[in-house]
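# Notes for the structure review
If you want the building blocks of each chain, they are given just below.
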Amino acid sequence: MPIRRAAVLAFVLPAVTVTVTVTAPPSSAAAVPAVSGPARGGLPHGPGGSAAAVDLRLPAPTGPYAVGRDVLHLLDTSRRDPWVPSARGRELMVSMYYPARRTDGGTPAPYLTVEEARLLLKSQGQEELLEPERLAATRTNARAGARAAGGRHPLVLASPGFSLNRATLSVLSEELASRGYVVALVDHAYESFGTTFPGGRTLTCVACDVIEAAPAQDEERKLLAKAATGRAADLSFVLDAVAGRRAPASDDGASDRRPAWKRWKMIDTRRVGAVGHSLGGNAAASVMAADRRVRAGVNLDGTFFAPVPPAGLGGRPFMMIGTAAGHSPGSTDTSWPRDWARLDGWKRWLTVRDTGHFSFIDIPVLGEQLGVTDPQAPLPGGRSADITRAYVGAFFDRSLRGKDAPLLAGPSTAYPEVTFQNP
């Protein structure tokens, strides 16, 4: 079906943006086809007019750490951008969430720029629902440049849905950081309605235009697989850059042989996972197939346009969480039962009733605060956020830390909305 310009919540440029140009040699691991379905639906419409004048904020994370955040601008000059070949390379914006010391208050990290918010609302025809300044001012729990907690921590690579700014995964990213994970949350150039880059540039969704112009569904699916493949390569590149495998270059092109992120010593490169929503969820599987360093992955309601390889993922754990309506066995997305059979390690297939495609990200959380809901996804935003945080957190605790995870053993009375599927 054609890609519709779906609702998103665009986000973030922190108080301090670190610009790092990284020149990298081609990776020895080829990127496999990737990723998940286009994000559809969106911020629900209210009854008309502006939403009530409430201050939007993200729910407080539940872990023992405070949350810090830095932002990186990365450039991979070893690859052409798949949507704009004339660009100087593949550009990425990366929000680095990390466990921080509670004694350091820090500066609240911004949610998104006003221009990102304006483009998001315009794309949905919802300019009357909410002023972009209010959306941009959503209060986060992360603090820009906060003092990091000690020790080495697992790294989770995160990718948003197609057309969505990375900030749509802010609630989950803050939660994981509060539990002791470093999270590299990536914006992929030309694949969101609006992402602000250094120098005042806000790039828009060229990929949306290309895919919408596809003459047939088969061509559309091929383009989405291409997008997934590109994202898998992006995530491997980010891992190289922030953990120091590839030597970043300064603006004049001279290698300084330092990782792109100044806190790189926090990362335990033996414990790396990936998570994504929609197209980003398929990307999580694809980067695992392409890069053995990624030890575990989660797909949040994403179609596998690029299939899991027939040989599986080398016995590594993978979890799929989706809507009961769209991703139960026998539903219209046949990619889940196909790829479930190919997963050759520890695995879980969970569905959540009364949810929609956006229920696993920030959008319904903010919609609930605005007093608007999606009648096709009646589960309250706060509740859907609690479920996502609990199950994704338990999965990475089990897969990357070796902790017991009773929540993943079977149905829980604490979360009766969740069904364990085993077709």
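Please read all numbers here as calculations on a predicted model, not as lab measurements.

Attention now goes to the overall build of the protein. Within the protein one finds 10 helices and 14 strands. Relative to its full complement of 423 residues, the protein shows a buried share of 61%. Look at the contacts in the protein between residues 6 or more apart in sequence, and 79% of them connect residues 24 or more apart. About 15500 Å² of surface is accessible on the protein, with carbon and sulfur atoms providing 52% of the total.

A few words now on the packing of aromatic side chains. Working definition: an aromatic ring pair is given by the centre-to-centre distance plus the angle between the planes. Applying the stated criterion across every chain yields a total of nine aromatic pairs. Aromatic side chains Trp336 and Trp349 sit 5.8 Å apart centroid to centroid with 70° between the ring planes, which places their arrangement in the edge-to-face category. On the criterion of sequence distance, the pair formed by Trp336 in helix H8 (residues 335-342) and Trp349 in strand E13 (residues 347-352) is long-range, its members being 13 residues apart. Residue Trp336 shares its accessibility class with Trp349, and that shared class is buried. Here Tyr391 and Tyr415 contribute two aromatic rings whose centre-to-centre distance is 5.5 Å and whose plane-to-plane angle is 70°, an arrangement assigned as edge-to-face. Residue Tyr391 is found in helix H10 (residues 381-401), and its partner Tyr415 is found in the loop between H10 and strand E14 (418-421); the two are separated by 24 residues along the sequence. What makes Tyr415 buried here is its relative accessible area of 17%.

Attention shifts here to the state of the cysteines. Using the criterion set out here, one finds one disulfide in the structure. Here Cys205 connects covalently by a disulfide to Cys208, the sulfurs 2.0 Å from one another. One disulfide, between Cys205 and Cys208, carries an S-S torsion of 75° and so falls in the right-handed class. By the burial criterion, Cys205 is buried, and Cys208 matches it.

Cut-offs used in this document
- Residues numbered from 1 in each chain as written.
- Predicted model: local features only at pLDDT ≥ 70, side-chain atom pairs only at ≥ 80, totals over all residues.
- Heavy atoms only, no water.
- Helix = DSSP H or I, 4+ residues; strand = E, 2+ residues; numbered from the N terminus.
- Buried < 20%, exposed > 50% of the residue type's maximum accessible area, 1.4 Å probe, protein only.
- Contact = heavy atoms within 4.5 Å.
- Areas by Shrake-Rupley, 256 points an atom, 1.4 Å probe, with all protein chains shown as cover.
- Phe/Tyr/Trp six-rings, centres within 6.5 Å; stacked < 30°, edge-to-face > 60°.
- Disulfide = S-S within 2.5 Å.

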